[in-house]
Amino acid sequence: MTFSTMLRTMSSGMLRTLLLFILTLAGSIPLGMIVVFLKKSKIRPISWLTKIYIAIMRGTPLMLQLLVWYFGPYYVLGMKITSGYKFIALLIGFIMNYAAYFAEIYRSGIESMPVGQYEAAEILGYSRIRTFFKIILPQVVKRILPAVTNEVITLVKDTSLASALAYQEVFSLAKQISASQTSFLPFVVAGVFYFVANYVVAIVMGRIEKSMQYYK
Amino acid sequence: MEKTVLRMTNIEKHFDDLEVLKDINLTVNNGEVVSIIGPSGSGKSTLLRCATFLEKIDGGEIVYLDKTAAKTRVLSDGVRKKVEYAGKSEMKEIKKCFGLVFQQFNLFPHLSVLRNVMDGPVEVLKRNRKEVEQEARELLDKMGLADKADTYPCNLSGGQQQRVAIARALAMKPEVLFFDEPTSALDPELTIEVLKIIRKLAEEKMTMVIVTHEMSFAEGVSNRVIFMDGGVIVEEGDPKEVFGNPKQERTKQFLKSYTE
Ligand SMILES: Nc1ncnc2c1ncn2[C@@H]1O[C@H](COP(=O)(O)OP(=O)(O)OP(=O)(O)O)[C@@H](O)[C@H]1O
Ligand SMILES: [Mg+2]
């Protein structure tokens with residue numbers, strides 16, 4: 001296998017990794033917001049169940065969660081697992097897990113807001129919705145951006161856990177090609193790929209942070 | 001007779017076991033400047049927070065103009081009381097009657113100075129943006145901040161921030177403006193410029209209720225001074241009387257602690 005065929009084979013894995021990465025972010029960033037609202041809900045059972053959900057997501061390995069999402073429907077519900085379900089199970093697993101982490105980041109950001117911001121808005125007659133979306137949220141975004149960046153960088157690396165379901169992303173492929181070709185090179189390629197991906201993440205997030213530096 | 005802007009009667013407020021306001025009566029007439037003085041913990045802030053609905057009262061009545069915001073009903077057992085606030089839409093209207101200037105300014109840091117002043121009138125009062133902008137610029141000019149419209153609060157001194165906060169409150173055209181120690185977070189030089197603005201508003205017959213520790217300012221600016229201690233109004237009257245010739249022993253002691 002030449003280096004270029006190897007690259008070509010691995011590039012399909014890179015695309016899958018990127019797809020998993022992007023869809024996970026697209027799902028978990030908004031879902032995390034919903035999770036915060038549920039956790040702060042005044043209806044006790046809802047906030048209670050949300051707390052349990054977050055505790056499980058943070059307290060057990062993501063790899064184990066992926067296996068549960070994938071095999072759970074078969075073992076628990078007796079459903080047949082179709083081949084197309086693998087990617088769905090991965091997405092559910094990643095999104096549910098990352099939504100829990102994002103929710104905790106959002107929560108800490110929201111709780112760090114001084115009460116005076118709410119009171120000033122209330123005196124001006126702002127509705128609760130307007131207060132949240134126009135006054136609180138923009139400031140929270142700025143506050144939590146560094147923590148979100150960390151989480152996104154972790155996600156880039158965590159996508160390799162999809163190999164637990166034998167999903168053909170870049171890490172799985174690197175392992176397979178390395179074994180079949182008895183070559184170390186695929187690992188180097190995978191390493192470079194993750195590194196570059198995170199470098200891009202750092203640049204993009206840095207830009208966003210900078211765009212919010214016009215106020216303190 | 002001037003119309004009454006705010007009438008608070010028999011106001012009671014407690015935090016758990018701590019009685020903070022005990023049967024407070026406060027009436028504010030149009031064009032009047034009322035100063036509230038008193039030692040720390042006497043309930044001055046709590047009174048303003050009850051008047052502006054940031055805290056709920058546990059007894060009494062709050063009326064703005066002719067609109068009852070809160071009243072107290074005795075329950076059928078004849079002992080327990082229940083405070084009832086007006087409905088949501090009515091409260092929304094009543095809230096337009098007042099503004100509040102905080103000790104810590106509480107400007108919105110992510111909005112420019114101009115947007116801070118404009119946002120309420122545009123978003124809450126749904127007024128024409130162009131018109132509001134012109135008024136906002138005039139207000140900022142009056143506050144001596146015409147050149148700061150496009151900057152952000154973090155680039156301003158405390159005194160400038162507080163003047164923006166005053167402009168923001170005035171832009172809503174309230175009937176009465178409450179101040180809770182507007183200069184306590186400021187250095188002496190910055191205090192002067194904020195007090196100057198409040199004096200100017202007083203000359204223009206803006207109705208104001210000011211909690212302050214600036215005694216000579218209170219004496220100079222107000223039509224009426226209220227001395228609070230331990231959750232009650234101990235003494236109330238003409239500033240020259242209260243400051244020059246206090247009737248109550250507690251008032252004398254409090255004022256003495258300031259002149260020493
Ligand atoms: N949210 C609260 N929960 C419990 N106690 C409170 C709360 N707010 C105020 N208090 C208590 O109520 C009392 C009156 O407080 P308040 O802030 O009204 O005093 P103040 O006259 O404004 O004092 P200062 O001059 O220090 O601002 C104090 O004993 C205070 O500790
Ligand atoms: Mg106070």
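Treat the numbers as computed from the prediction; the structure is a model and nothing was measured.

## Let's talk about the overall build of chain B
Scanning chain B from N- to C-terminus turns up nine helices and eleven strands. The globule rule puts the C-alpha radius of gyration for 260 residues at 18 Å, and the 19 Å found for chain B is close to it. Dimensions of chain B, computed from the C-alpha atoms along their principal axes, are close to 55 × 50 × 40 Å. Of all intrachain contacts in chain B linking residues separated by at least 6 positions in sequence, the fraction that spans at least 24 positions is 64%. For chain B, the accessible area works out to roughly 12,100 Å², and carbon and sulfur atoms hold 45% of it.

## Thoughts on the pattern of salt bridges
With the rule as written, the count across this model stands at 26 salt bridges over all chains. Residue B:Lys95 pairs with A:Glu122 through a salt bridge whose shortest N-O separation is 3.3 Å. Placement of B:Lys95 in helix 2 (residues 88-95) and of A:Glu122 in helix 5 (residues 115-123) is noted, with the two residues assigned to different chains. For B:Lys81, the salt bridge identified is with B:Glu12, shortest N-O distance 2.9 Å. Residue B:Lys81 is located in strand 6 (residues 81-85), and its partner B:Glu12 is located in strand 1 (residues 4-15); the two are separated by 69 residues in the primary sequence. By relative accessible area, B:Lys81 is classed as partly exposed at 40%. Given a relative accessible area of 28%, B:Glu12 falls into the partly exposed group.

## Section: a positive patch on the surface
On the surface, A:Lys42, A:Arg128, A:Lys134, B:Lys88, B:Lys92, B:Lys126 and B:Arg129 cluster together into a patch of positive charge. Elements that contribute at least two residues to the positive patch include exactly helix 6 (128-158) of chain A together with helix 2 of chain B. Within the secondary structure layout, A:Lys42 lies in the loop between helix 1 (3-39) and helix 2 (44-59). Residue class for A:Lys42 comes out exposed when judged on its relative accessible area of 73%.

## What about the sheet that holds strand 5 (residues 67-74) of chain B?
Residue and element names in this part refer to chain B. Read from one edge to the other, the open sheet built from five strands follows the order 2-1-4-5-6, with strand pairing classed as antiparallel. Every interior strand has two partners, whereas the edge strands, strand 2 (18-29) and strand 6, have only one. Between one strand axis and the next, the sheet turns through 15° on average, direction left out of account. Bridge count between strand 1 and strand 4 (residues 59-64): five bridges; the pairing is antiparallel.

## Points about the interface of chain B and chain A
Contacts between the two partners involve 24 residues from chain B and, on the opposite side, 18 residues from chain A. Carbon and sulfur atoms make up 61% of the area that chain B and chain A hide from each other, which totals about 2,000 Å². Among the residues of chain B in contact with chain A, B:Phe108, B:Pro109 and B:His110 are the three that bury the most area, contributing 29% of the side total. Connecting chain B to chain A are three salt bridges. With its nearest N and O atoms 2.7 Å apart, the salt bridge here joins A:Glu119 to B:Arg49. The interface formed by chain B and chain A contains nine residue pairs in polar contact (both at pLDDT 80 or more). Every element with two or more residues in the side of chain B that touches chain A is listed here: strand 7 (98-101) and helix 3 (113-124) of chain B. Counting residues per element, the side of chain B that touches chain A draws most heavily on helix 3 of chain B, at four residues. Considered class by class, the residues forming the side of chain B that touches chain A number 13 nonpolar, five polar and six charged.

## Things to note about the packing of helix 1 of chain A against helix 7 (residues 170-181) of chain A
All names here are of chain A. As a packed pair, helix 1 and helix 7 sit with axes 7 Å apart at the nearest point and diverge in direction by 150°. Between helix 1 and helix 7, the angle falls in the class roughly antiparallel. Contacts between helix 1 and helix 7 involve Met6, Thr9, Met10, Ser12, Gly13, Met14, Arg16 and Thr17 from the former and Val170, Leu173, Ala174 and Ile177 from the latter. Counted by class, the contact of helix 1 with helix 7 contains seven nonpolar, four polar and one charged residues.

## Let's talk about the environment of B:Arg129
Residue and element names in this part refer to chain B. Here Arg129 shows up in helix 4 (residues 129-142). Among the residues examined, Arg129 registers a relative accessible area of 44% and is labelled partly exposed. For the pair Arg129 and Gly78, spaced 51 residues apart in sequence, the C-alpha separation works out to 52 Å. With near-sequence residues (within four places) excluded, Arg129 lies in contact with Met118, Val122 and Glu123.

## Re the packing of helix 4 (residues 85-111) of chain A against helix 6 of chain A
When two helices pack together, their arrangement is captured by the angle between the axes and the distance separating the axes. All names here are of chain A. At a minimum axis separation of 8 Å, helix 4 and helix 6 run at an interaxial angle of 140°. The angle between helix 4 and helix 6 falls in the class oblique. For the pair helix 4 and helix 6, the crossing hand works out as right-handed. Contacts between helix 4 and helix 6 involve Phe94, Tyr98, Tyr101, Phe102, Ile105, Tyr106, Gly109 and Ile110 from the first element and Phe132, Val140, Arg143, Ile144, Ala147, Val148, Glu151, Val152, Thr154, Leu155 and Asp158 from the second.

## Some details on the side chain of B:Glu32
Residue and element names in this part refer to chain B. Checked against the element boundaries, Glu32 lands in the loop between strand 2 and strand 3 (33-37). For Glu32, the side chain forms a polar contact with the main-chain nitrogen of Asn29, separated by 2.9 Å. Within the structure, Glu32 has its side chain in polar contact with the side chain of Arg224 (distance 2.9 Å). If we ignore the near neighbours within four places in the chain, the residues touching Glu32 are Thr27, Met206, Thr207, Met208, Asn223 and Arg224.

## Concerning helix 2 of chain A
The first and last C-alpha atoms of helix 2 of chain A sit 22 Å apart over 16 residues, in line with the 22 Å expected at 1.5 Å per residue. Tucked into the core, helix 2 of chain A has its buried residues touching helix 1, helix 3 (62-77) and helix 4 of chain A.

Criteria and thresholds
Residues numbered from 1 in each chain as written. Chains lettered and ligands numbered in written order. Predicted model: local features only at pLDDT ≥ 70, side-chain atom pairs only at ≥ 80, totals over all residues. Heavy atoms only, no water. Helix = DSSP H or I, 4+ residues; strand = E, 2+ residues; numbered from the N terminus. Rg over C-alpha atoms; globule rule 2.2 N^0.38 Å. Contact = heavy atoms within 4.5 Å. Areas by Shrake-Rupley, 256 points an atom, 1.4 Å probe, with all protein chains shown as cover. Salt bridge = Lys/Arg side-chain N within 4 Å of Asp/Glu carboxyl O. Buried < 20%, exposed > 50% of the residue type's maximum accessible area, 1.4 Å probe, protein only. Patch = residues over 30% accessible without salt bridge, like charges linked within 9 Å, V, L, I, M, F, W, Y side chains within 5 Å. Lys, Arg positive; Asp, Glu negative; His and termini not counted. Charge placed at Lys NZ, Arg CZ, Asp CG, Glu CD. Pairing = 2+ DSSP bridges. Axes fitted to C-alpha atoms, helices over the stretch in contact; angles between N-to-C directions. Buried area = accessible area lost by both parts, 1.4 Å probe. Polar contact = N/O pair within 3.5 Å; in protein donor to acceptor, adjacent residues only side chain to side chain. Nonpolar A, V, L, I, M, F, W, Y, C, P; charged D, E, K, R; others polar. Parallel < 35°, antiparallel > 145°, perpendicular 65-115°, else oblique. Left-handed = near helix turned anticlockwise from the far one by under 90°. Expected span 1.5 Å × (residues − 1).

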